[in-house]
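Each chain, letter by letter, is given below.
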Amino acid sequence: MKKLVFLLVATFSLSMVAQEKLTEGVIDSKMTMSSDNEQMKAQFEMIGDIAIKTYFKGDKTRSETNNPMSGESVSIIDTQAKKMLTLLNNPMMGKKYSETEIEANPDTSGITITKGEGTKTILGYTCNEYNVAMDQQGVAMTMDIYTTEAIEASNQQTVEFGEDFKGFPLLMTINVNQSGMQMQMTYEVTGVNKESVSDDKFDMTPPEGYEKMEGM
């Protein structure tokens, strides 16, 4: 159960931003989790809101989270190189990393993406609604997402959604059903800063002391 909580936290560390075309800057956001399972709910309450800091520049994005319960998580995406590096530093698992190839034409079978009619203005950006449903390995998930095309950055959760999905998410509500247990995660941007970002933030070399995570 604790491992599931950690993996959810690490997986949904996201990247976001606000009505000029932004191609470089830093975004602050937070994620809140809840569940109808009392044991899971208690663990989520102990974790509290998860702060996420995202750096983006051109084709590269880096998202960082750091929580006393779940440890550190970093994801770096290079859309030009079609690669993603994930770093985990967790009390249970230690220091692990995984490297993922991003497919140019991802397989979206099993994923239904529908553009909704709703819009929201978030931090000055007009955002369009997308509804996503997927069922993978017995885990059913629905996502209500509001995106803006004014932000040129990549997002870990949507980078493989293909041509049916446009824009960068500023608000996401994610509902997960696993073995009858319901979980909900809400991600929202809380601040956007247009500023220079060092290229060092996007180094795709696994740091010394990190071991490759097998099976990922």
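The structure we're discussing is the one just above.
Keep in mind it's a predicted model, so treat the numbers as computed, not measured. (Residues numbered from 1 in each chain as written. Predicted model: local features only at pLDDT ≥ 70, side-chain atom pairs only at ≥ 80, totals over all residues. Heavy atoms only, no water.)

**Q** In this structure, what is going on with the overall build of the chain? I would like to understand it.
**A** Check the secondary structure of the chain and you find two helices and twelve strands. The helix and strand sequence of the chain, counted from the amino end, reads α-β-α-β-β-β-β-β-β-β-β-β-β-β. For the chain, the computed accessible surface area is about 10,900 Å², with 44% contributed by carbon and sulfur atoms. (Helix = DSSP H or I, 4+ residues; strand = E, 2+ residues; numbered from the N terminus. Areas by Shrake-Rupley, 256 points an atom, 1.4 Å probe, with all protein chains shown as cover.)

**Q** How should the packing of aromatic side chains be read in this particular structure?
**A** Geometrically, a pair of aromatic rings is defined through the distance of the ring centres and the angle of the planes. A complete count under the given rule lists one aromatic pair for this structure. Summarising the aromatic geometry, the rings of Y130 and F165 are spaced 4.8 Å apart at their centres and angled 45 degrees between planes, so their arrangement reads as tilted. Residue Y130 is found in strand β8 (residues 125–136), and its partner F165 is found in the loop between β9 (139–148) and β10 (168–178); the two are separated by 35 residues along the sequence. A relative accessible area of 8% means that F165 is categorised as buried. The ring of Y146 has K120 sitting right over it, with the charged end atom 5.2 Å from the ring centre. The aromatic ring of Y55 is capped on one face by K201, whose charged end is 4.4 Å from the ring centroid. (Phe/Tyr/Trp six-rings, centres within 6.5 Å; stacked < 30°, edge-to-face > 60°. Buried < 20%, exposed > 50% of the residue type's maximum accessible area, 1.4 Å probe, protein only. Lys NZ or Arg CZ within 6 Å of the ring centre and 35° of its normal.)

**Q** It is not clear to me how the environment of G58 should be interpreted in this structure. Could you clarify?
**A** Relative to the assigned elements, G58 resides in the loop between β2 (50–57) and β3 (60–67). Residue classification places G58 among the partly exposed positions, given a relative accessible area of 44%. C-alpha of G58 to C-alpha of L22: the two residues are 36 residues apart in sequence and 9.3 Å apart in space. If sequence neighbours within four positions are ignored, G58 has contacts with T23 and E152. (Contact = heavy atoms within 4.5 Å.)

**Q** Just checking my understanding: could you explain the pairing of β2 for this structure?
**A** Along any regular strand, the residues point their side chains to alternate faces of the sheet. Here strand β1 (residues 24–35) runs beside β2; their pairing, made up of eight bridges, is antiparallel. Paired with I27 across the strands is T54, a residue of β2. As defined by bridge partners, β2 adjoins β3 across six bridges and the pair is classed as antiparallel. The residue of β3 that forms the bridge with F56 is T61. Remark: two residues form the turn of the hairpin made by β2 and β3, two consecutive strands paired antiparallel; G58 in that turn has positive phi of roughly 60 degrees. (Pairing = 2+ DSSP bridges.)

**Q** For this particular structure, what's the right way to read the pattern of salt bridges?
**A** Any two side chains of opposite charge can pair, so long as their charged atoms come close to each other. This model, assessed by the stated rule, comprises eight salt bridges. The shortest N-O distance in the salt bridge between K57 and E24 comes to 4.0 Å. Of this pair, K57 sits in strand β2 while E24 sits in strand β1, placing them 33 residues apart in sequence. When salt bridges that share partners are traced, they join E24, K57 and D199 into one network. (Salt bridge = Lys/Arg side-chain N within 4 Å of Asp/Glu carboxyl O.)

**Q** Sorry if this is basic, but what is going on with the nonpolar core here?
**A** A general feature of soluble globular proteins is that nonpolar side chains tend to end up buried together. V132, M143 and F161 are the most contacted members of the largest nonpolar core, which totals 38 residues. Listed by contribution, the elements that provide at least two residues to this core are β1, α2 (38–47), β2, β7 (111–122), β8, β9, β10 and β11 (181–193). Top contributing element to this core by residue count: β10, with six residues. Beyond its immediate stretch of four places on either side in the chain, V132 contacts I111, T112, I113, M141, T142, M143, I145 and F161. (Core = buried A, V, L, I, M, F, W, Y, C linked by side-chain atoms within 4.5 Å.)

**Q** What's the story with the sheet that holds β9 in this structure? I'm lost.
**A** The strands that make up a sheet are held in pairs by hydrogen bonds between backbone atoms, and each pair lies either parallel or antiparallel. One open sheet holds the twelve strands; their spatial order is β7-β8-β9-β10-β11-β1-β2-β3-β4-β5-β6-β12, and the pairing between them is mixed. Looking at which strands have only one partner, the edges of the open sheet turn out to be β7 and β12 (211–212). With nine bridges joining them, β7 and β8 adopt antiparallel strand pairing. Directly across from I113, in β8, lies its bridge partner V132. Across the sheet, α2 lies against β1, β2, β3 and β11, angled at about 145 degrees from β1, the strand it touches most. (Axes fitted to C-alpha atoms, helices over the stretch in contact; angles between N-to-C directions.)

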